[in-house]
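So you can see what is in the structure, the chains are spelled out below.
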Amino acid sequence: MTLPTRRLGALSVGAQGLGCMGMSQSYGPADRDESLATINAALDAGVTLLDTADMYGLGHNEELVGEAIKSRRSQVVLATKFGFKRMIDPSDSGVSGDPAYVAQACDASLRRLGVDHIDLYYQHRVDPDVPIEDTVGAMAGLVQAGKVRHLGLSEAGADTIRRAVAVHPIAALQSEWSLWTRDLEGEILATCRELGVGIVPFSPLGRGFLTGKVTADLPEDDARREMPRFEGPNFDRNYAIVEALRTMAKDRGVTAGQLALAWVQQQGADVVPIPGTKRRTYLAENIAATTIELTADDLAQISTAAGDVAGDRYQADMMKLLNR
């Protein structure tokens, strides 16, 4: 199939992207061959936006994506991110928006990716100790140098977005958005739309939870074990959302995951979700969600069925990095 295109600011991309993080970390062991096959299958299906970051697998993911696209660079809108200090010290969970670090991080990403430019370069999290004007000013310098084509922010608040746009156009805000993570709705979303900033929802399937395929007995190496929503009573309470989705999905001949993804997909023509997967089977299921047509009543019904979510997205230290 050929995906329709959508706009992220001045950037044209396929209506659904591919999040590549899980190919290198967080959700079990890496499978190089299947990951490479999944990226190529995505490109064959019309996906153009590939999303990675320097910190995913501490550089492994950028190297993997670079290997996958080596002969197909012209087909790819390549997005990566910088900012987490663990790239310097794996034990440091802080972030840096220092202008000197921006340039250093970009050059390192270009080397790992094996490319001469990055199409969409995000600040992964806002550094509260560095004015956003300084960070975005340094990122704008990368555009002027030809190393980056478009700029983005991740998990930024409305005021930060507004100040950033005053320095340089921002093509996209990448933030978590799904039926169980909706904090960008309201002021942040309205600000993006006022300023022409596209929305790139990550984890649109609630880190896989909304598919109904995630069990409470997660492997030891699965990062979700440390996330409050997947812990004990919270998991059980949140599973009611999956059961409601399954009922509605069955009536439509689709899966719970496809219905949840279609809900995000239809939040606007400026929304390009990047569901993550490292397997071709799940990739095909996700892409098929772009063909599901939901009415306004359907969207409202699905939204209501999601109900209240038990537990925060992250532990307290990571929650402090959101929407600031």
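Every value quoted in this text rests on a predicted model; they were computed, and no experiment measured them.

Student: How should the environment of Val148 be read in this particular structure?
Tutor: Looking at the element boundaries, Val148 is found in strand S7 (residues 148-154). Judged by relative accessible area, which is 1%, Val148 ranks as buried. Distance from Val148 to Leu210, taken between C-alpha atoms, is 35 Å for residues 62 residues apart in sequence. Residues within four places of Val148 in sequence aside, it is in contact with Cys106, Ile118, Tyr121, Leu142 and Val143.

Student: Would you explain the packing of helix H7 (residues 232-252) against helix H10 (residues 296-306) in this entry?
Tutor: A packed helix pair is summarised by two numbers, namely the angle formed by the two axes and the spacing between the axes. As a packed pair, H7 and H10 sit with axes 8 Å apart at the nearest point and diverge in direction by 155°. For the element pair H7 / H10, the angle class is roughly antiparallel. Seen from H7, the contacting residues are Ile241, Ala244, Leu245, Met248 and Arg252; seen from H10, they are Asp298, Gln301, Ile302, Ala305 and Ala306. Grouping the constituent residues of the contact of H7 with H10 by class yields 7 nonpolar, 1 polar and 2 charged.

Student: Which parts of the structure should I look at to understand the side chain of His117?
Tutor: Inspection of the secondary structure assignment puts His117 in the loop between helix H3 (99-113) and strand S6 (118-123). For His117, a relative accessible area of 11% translates into the label buried.

Student: For this particular structure, what's the right way to read the UniProt feature "domain: NADP-dependent oxidoreductase" (unreviewed entry) in the protein?
Tutor: Feature annotation in UniProt assigns "domain: NADP-dependent oxidoreductase" (unreviewed entry) to the following positions: residues 17-303. When the span residues 17-303 is considered, its composition is 40% helix and 12% strand, and the gap between its end C-alpha atoms is 23 Å.

Student: It is not clear to me how the state of the cysteines should be interpreted in this structure. Could you clarify?
Tutor: What makes a disulfide is a covalent bond joining the sulfur atoms belonging to two cysteines. By the definition in use, this model includes 0 disulfides. Summary of cysteine pairing: Cys106 is not part of a disulfide, and the nearest cysteine sulfur, belonging to Cys20, is at 18 Å. Since its relative accessible area comes to 0%, Cys106 is described here as buried.

Conventions and cut-offs
Residues numbered from 1 in each chain as written. Predicted model: local features only at pLDDT ≥ 70, side-chain atom pairs only at ≥ 80, totals over all residues. Heavy atoms only, no water. Helix = DSSP H or I, 4+ residues; strand = E, 2+ residues; numbered from the N terminus. Buried < 20%, exposed > 50% of the residue type's maximum accessible area, 1.4 Å probe, protein only. Contact = heavy atoms within 4.5 Å. Axes fitted to C-alpha atoms, helices over the stretch in contact; angles between N-to-C directions. Parallel < 35°, antiparallel > 145°, perpendicular 65-115°, else oblique. Nonpolar A, V, L, I, M, F, W, Y, C, P; charged D, E, K, R; others polar. UniProt positions renumbered as here; feature names shortened; annotations may be inferred. Disulfide = S-S within 2.5 Å.

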